[in-house]
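Descriptive structure summary
Residue-level listing of the chains:
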Amino acid sequence: MEFQDIEEGGKVYPGEYLLHNPTRQIVVCGAYKPQEGTIKAMANGRLIEDKVSHFQQINLEAHEGPPRHPRRRCGGCKK
């Protein structure tokens, strides 16, 4: 797991998990306002708004993410 600083002009999407450095918590992004330089996020059931510089994006390796299972069909279309 790596943490990457959010650069000017970077993309942050609502629903994305971010690291909030002052509290060292993983939060869910609610709104990214690049003009104002702020991010609104949910942390521990509370809405916080802070500077973009206080957040970092989380990058996972392929083996660290959720397991991917092959999709199985019902087989009803084969007949």
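Analysis parameters
- Residues numbered from 1 in each chain as written.
- Predicted model: local features only at pLDDT ≥ 70, side-chain atom pairs only at ≥ 80, totals over all residues.
- Heavy atoms only, no water.
- Patch = residues over 30% accessible without salt bridge, like charges linked within 9 Å, V, L, I, M, F, W, Y side chains within 5 Å.
- Areas by Shrake-Rupley, 256 points an atom, 1.4 Å probe, with all protein chains shown as cover.
- Salt bridge = Lys/Arg side-chain N within 4 Å of Asp/Glu carboxyl O.
- Helix = DSSP H or I, 4+ residues; strand = E, 2+ residues; numbered from the N terminus.
- Core = buried A, V, L, I, M, F, W, Y, C linked by side-chain atoms within 4.5 Å.
- Buried < 20%, exposed > 50% of the residue type's maximum accessible area, 1.4 Å probe, protein only.
- Contact = heavy atoms within 4.5 Å.
- Pairing = 2+ DSSP bridges.
- Axes fitted to C-alpha atoms, helices over the stretch in contact; angles between N-to-C directions.

A surface patch of nonpolar side chains, about 300 Å² in accessible area, is lined by M1, F3 and L60. Mapped onto the elements, F3 comes out in strand β1 (residues 2–5).

Bringing the nonpolar core into the picture now. Counting residues in hydrophobic clusters, the biggest one holds 11 residues: I6, V12, L18, V27, C29, Y32, I39, A41, A43, V52 and F55. Among the secondary structure elements, those contributing two or more residues to this core are β3 (25–33) and β4 (38–43). Discounting chain neighbours no more than four positions away, the residues touching C29 are V12, Y13, P14, G15, E16, L18, I39, K40 and A41.

With the rule as written, the count across this model stands at one salt bridge. Salt-bridge contacts for K33 lead to E49; the nearest nitrogen and oxygen are separated by 3.8 Å. Taken together, the residues K33 in strand β3 and E49 in strand β5 (residues 46–51) connect sequence positions 16 residues apart.

Next up on the list: the sheet that holds β5. One open sheet holds the six strands; their spatial order is β1-β6-β2-β3-β4-β5, and the pairing between them is antiparallel. The outermost strands of the open sheet, each flanked by one partner alone, are β1 and β5. Taken over all neighbouring pairs, the strand axes of this sheet differ in orientation by 45° on average, direction set aside.

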